[in-house]
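For reference, the chains in residue letters:
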Amino acid sequence: MELLNEIWQTVQRNKLRTGLTGFAVAWGIFMLIVLLGAGNGLINAQLLQTNRFLSNSMVAFGGWTSKPYQGMKEGRMIQLQQRDIATTDKEFKGTIDEVGAQYRVSPLVSHGSQYLYPQVMGVYPNHIRIDKVDMTQGRFINTIDIREKRKVLVISEKQAKELEAKLGDNINLGNFSFKIVGIYKEQENGQPYIFSSYTAIKGIFGTNSSDAGNIEFTFHGLDTENDNEAFEKKYRKRLNANHMVHPEDEGAIWLWNRHMQNMQMNKAIGIMRMALWIVGLFTLLSGIVGVSNIMLITVKERTHEFGIRKAIGAKPWAILKLIITESIIITTFFGYIGMVLGVATCEYMDATIGHTKVDAGLFKASMFINPTVGIDICIEATMVMIIAGTIAGLIPALKAAKTRPIEALRAD
Amino acid sequence: MIHLENINKTYFGAQPLHVLKGINLDIEAGEFVSIMGASGSGKSTLLNILGILDNYDSGIYELAGTRIWNLSERKAAEYRNHMIGFIFQSFNLINFKTAVENVELPLFYQGVSRKKRHQLALEYLEKLGLLDWAEHYPNELSGGQKQRVAIARALITNPKIILADEPTGALDSKTSVEVMELLKNLNKEEHITQVIVTHDPGVAQQTNRIIRIKDGVIE
């Protein structure tokens, strides 16, 4: 209590200096928290994007050959065939779990007087796991739909509204009547698909083409980037052989490996996190330098006063305690203010830009999701600041405590 | 009270300076002594050694029967606090503390409770006729008042000895006389041992014994 009173007196005497020190401290903490919060917002938004897809999944598309092979020129268009699906299913059992396929068409979809031109995708039941379709009513495509080529549809809520259709209604795809068996919640970004059974769509709209659409499958056991690359190479070589394409040709079959993408994304996020921390810690460091600087000046300015105190009986420890306590109190108080302001700013960001969506015409995306920092990080940062402030105060304090009273009394 | 035997002190700078060359001095309890000498004679160094603010190279210094030699800063602070009261030429009051807070400070370092030391400080201020000025800051006081606050601060721990370094050096002649009267009365009525360093013969004249120091030795 006595000590606090002493400190209060000196703080009162030096409002500007105390204010400036406090500002340096508060600013350091504030910037760290806001920076990390903003970074988290960006990272969370990215994660949300990637979390839409099952990470252990891959999609294969047909492309164009990029190398001449067996007398055929490059630039030949490759379409995946039914036998590619069979190859994928049978020859890679060790790695690939469930194989499905996508076949896309865009027929006129109508219900009564309402109509739409959406993309209709014939899929296998595994699609719901790979692309995370969020069902709100009914069910997704099942194995019986595939086996019996049932004319069923799963449409998005928005489409249901636009078509004025509900679960169980029959709507027309071109000239065929399909039954709505499920309704899902569409993603914010991208045009929503209408899902149907692969066999029905392929059977109705793709009979005169050998194109089997895209192949999608889930897999397991590919833990490292090397594993993934090796598998991709092997798989590509095998499919290339189906189409008489050079084994090394990477243009004929396109692979979209979500797992690989995920790993790269995680790496990028890791780097970003680290960069944010480094910048944040340097900001914090500037606060610490501010504190130590001010403490040095304070001690120098008060040397004469310490001399008086020593002459009348202050022990070195009493002087040390006085300076250190002042340093701790200033950093704690202003560190706390900085922390509170930082958290408040993060919350403000969350409440404002955290909910805005970037509208790119084709899709909408949140740039910022939950741009906040855990309270543990906030407290840790403040603790670091306080400890650093103490050390910063300790050096000049030790110097002041050691100065002999006659030297101190001589100082002005 | 004070026993000095062959005290030597040399400052080691660019050129070693032998300031005190074997000082022998005894001051009894209740004495009112002045130390006179020209500047550079070593009188301030002697006072610093007496006040345990500085150490000496060789010799014996006993204060109230306690050998003062090679003390840690902690121990020195304790001895200063309990045995010595300082009066400085430039008062050396802490200017962001009120008169009463300045007087209290030595007791703060003794760990005396806030209430008790405040009470005691007010008593001493009253004794020196400054009760009405207790809550004033040093910059609101005249030179004589400041020095009286400093005297109260020196007295409050009930020290063995008061050491005054040019106590009237910063005061006009009228207040100088007042302050000297005060110190003289403290000696006469309360038998407080005092050592006053001065170069003012007028001040020295009022003490009971004058010690003249020249070139580091007592004449």
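Residues numbered from 1 in each chain as written. Chains lettered and ligands numbered in written order. Predicted model: local features only at pLDDT ≥ 70, side-chain atom pairs only at ≥ 80, totals over all residues.

**Section: the overall build of chain A**
Definition in use: A run of H or I in DSSP becomes a helix once it reaches four residues, and a run of E becomes a strand once it reaches two; helices and strands are each numbered from the N terminus. We compute the radius of gyration over the C-alpha atoms and compare it with the globule rule, which gives 2.2 Å times the number of residues raised to the power 0.38. Any residue with 12 or fewer other C-beta atoms within 10 Å of its own C-beta is exposed, any with 20 or more is buried, and the rest are partly exposed; the C-beta atoms used are placed from the backbone. With C-beta atoms placed from the backbone, a contact is any residue pair whose C-beta atoms sit within 7 Å.
Secondary structure summary: chain A contains 13 helices and 14 strands in total. Taken over the C-alpha trace, chain A has a radius of gyration of 34 Å; the compact-globule value for 412 residues is 22 Å, which it surpasses by more than 25%. The buried share among the 412 residues of chain A stands at 39%. A fraction of 81% describes how many contacts in chain A between residues 6 or more apart in sequence connect residues 24 or more apart.

**Examining the environment of Glu-181 of chain B**
Residues and elements named next belong to chain B. Along the chain, the position of Glu-181 falls in helix α6 (residues 173-190). Since 11 C-beta atoms lie within 10 Å of it, Glu-181 is described here as exposed. Taking the C-alpha atoms as reference points, Glu-181 and Gln-206, 25 residues apart in sequence, are found 8.6 Å from one another.

**Here's the deal with the confidence of the model for chain B**
Convention followed: Values of pLDDT, which run from 0 to 100, indicate the predictor's confidence residue by residue.
Taken over all residues, the pLDDT of chain B has a mean of 92, while the share at 70 or more is 100%. Scored as a whole, the predicted complex attains pTM 0.72, and scored at its interfaces, ipTM 0.94.

**Some details on the sheet that holds strand β6 (residues 84-87) of chain B**
Residue and element names in this part refer to chain B. We count it as follows: If DSSP finds at least two bridges between two strands, the strands pair.
Taken together, 6 strands build an open sheet; the order of strands is β6-β7-β8-β3-β9-β10 and the sheet is mixed. Here the strands that pair on one side only, and so sit at the sheet edges, are β6 and β10 (217-218). Where strand β9 (residues 209-214) lies against β10, 2 bridges are found, and the strand directions are antiparallel. Each residue of the ladder has a partner; that of Ile-213, found in β10, is Ile-218.

**A look at the packing of helix α9 (residues 258-301) of chain A against helix α11 (residues 316-351) of chain A**
All names here are of chain A. Condition: For every element, the axis is a line fit to its C-alpha atoms; helices are fit only across the contacting stretch, and the angle between N-to-C directions ranges from 0 to 180 degrees. Handedness of a crossing follows from how the near helix is turned relative to the far one, being left-handed for an anticlockwise turn of less than a right angle and right-handed for a clockwise one.
Running from N to C, α9 and α11 cross one another at 145°; their axes reach a closest spacing of 11 Å. When you trace α9 past α11, the crossing you get is right-handed. In contact with Val-291, Met-295 and Val-299 of α9, α11 contributes Ile-323, Ser-327 and Thr-331.

**Quick notes on the nonpolar core**
To keep it simple, the criterion reads: Each nonpolar core comprises buried Ala, Val, Leu, Ile, Met, Phe, Trp, Tyr and Cys residues, the members being joined through C-beta atoms within 7 Å.
Membership of the largest hydrophobic core comes to 106 residues, with the highest contact counts inside it found for Ile-29 and Ile-33 of chain A together with Ile-35, Val-103, Leu-125, Ala-152 and Leu-163 of chain B. Examining the composition of this core, we find that 10 residues originate from one element, helix α2 (residues 15-51) of chain A, more than from any other. Excluding anything up to four places from it in sequence, Leu-125 of chain B contacts Ala-99, Val-100, Val-103, Leu-130, Leu-131, Ala-134 and Ala-152 of chain B. With 49 residues, the next largest nonpolar core counts Ile-96, Tyr-103, Val-154 and Ala-212 of chain A among its residues.

**Quick notes on helix α4 (residues 114-127) of chain B**
All names here are of chain B. Put simply, the test is: Each residue after the first adds 1.5 Å to the expected span of a helix. Here the arc refers to the set of directions running from the helix axis out to each C-beta atom.
With 14 residues, α4 extends 20 Å between its outermost C-alpha atoms, agreeing within 8% with the 20 Å of an ideal straight helix rising 1.5 Å per residue. Within the sequence span of α4, burial applies to Arg-117, Ala-121, Tyr-124 and Leu-125. The buried residues of α4 occupy an angular sector of 100° when the element is viewed end-on, so they sit on one face. Within α4, the exposed residues directed more than 90 degrees away from the buried face are Lys-115, Lys-116 and Gln-119. The secondary structure elements touched by the buried residues of α4 are α3 (99-108) and α5 (143-155).

**Section: the interface of chain A and chain B**
Threshold: Each residue receives one of three labels: charged for Asp, Glu, Lys and Arg, nonpolar for Ala, Val, Leu, Ile, Met, Phe, Trp, Tyr, Cys and Pro, and polar for the others, Gly being one of them.
Contacts between the two partners involve 16 residues from chain A and, on the opposite side, 20 residues from chain B. Residue assignment for the side of chain A that touches chain B shows that the elements contributing at least two residues are α1 (2-13), α10 (303-311), α11 and α13 (405-410) of chain A. Residues of the side of chain A that touches chain B, tallied by class, amount to 8 nonpolar, 3 polar and 5 charged.

**Let's talk about the pairing of strand β4 (residues 58-63) of chain B**
All names here are of chain B. Pairing geometry for strand β1 (residues 2-11) and β4, over 5 bridges, is antiparallel. Note that in β4 the partner of His-3 across the bridge is Glu-62. One ladder, built from 2 bridges, connects β4 with strand β5 (residues 66-67); its direction is antiparallel. Paired with Glu-62 across the strands is Arg-67, a residue of β5. Taking the residues between adjacent antiparallel strands as the criterion, β4 and β5 are bridged by 2 residues, where Ala-64 takes a positive phi near 50°.

**As for the packing of α2 of chain A against α9 of chain A**
When two helices pack together, their arrangement is captured by the angle between the axes and the distance separating the axes. Condition: Here the word oblique covers every angle except those under 35 degrees (roughly parallel), over 145 (roughly antiparallel) and from 65 to 115 (roughly perpendicular).
α9 of chain A packs onto α2 of chain A with a crossing angle of 175° between their chain directions and a minimal axis gap of 8 Å. Our classification of the angle between α2 of chain A and α9 of chain A gives roughly antiparallel.

**Some points on the domain arrangement of chain A**
Worth spelling out the cut-off: Throughout, the edges of the domains are those of an automatic or database domain assignment.
Segmenting chain A into domains produces domain 1 (2-52 + 263-410) and domain 2 (57-257). For domain 1 of chain A versus domain 2 of chain A, the distance between C-alpha centres works out to 54 Å.

**Things to note about the sheet that holds strand β2 (residues 17-27) of chain B**
All names here are of chain B. Taken in spatial order, the 4 strands make up an open sheet running β2-β1-β4-β5, and their pairing is antiparallel. Of all the strands in the sheet, just β2 and β5 have a single pairing partner and so form its edges. With 8 bridges connecting them, β1 and β2 associate as antiparallel partners. Following the sheet pairing, His-3 is matched in β2 by Asp-26.

**Here's the deal with unusual backbone geometry**
Not every positive phi belongs to a glycine, and Asn-6 of chain B is a case in point at roughly 50°. When you line up the elements, Asn-6 of chain B lands in strand β1.

**Brief notes about helix α7 (residues 198-205) of chain A**
Residues of α7 of chain A that are buried: Tyr-198, Ala-200, Ile-201, Lys-202 and Phe-205 of chain A. Check the buried side of α7 of chain A and you find it contacts β2 (96-105), β5 (120-123), α5 (143-147) and β10 (194-197) of chain A.

**Details of the pairing of strand β1 (residues 57-62) of chain A**
Residues and elements named next belong to chain A. In the sheet, β1 pairs with strand β11 (residues 214-219) via 4 bridges, with the strands oriented antiparallel. The residue bridging Met-58 from the neighbouring strand is Phe-217, located in β11. As judged from the 5 bridges shared by β1 and strand β12 (residues 253-257), these two strands associate in the antiparallel manner. Across the sheet, residue Met-58 finds its bridge partner in β12, namely Asn-257.

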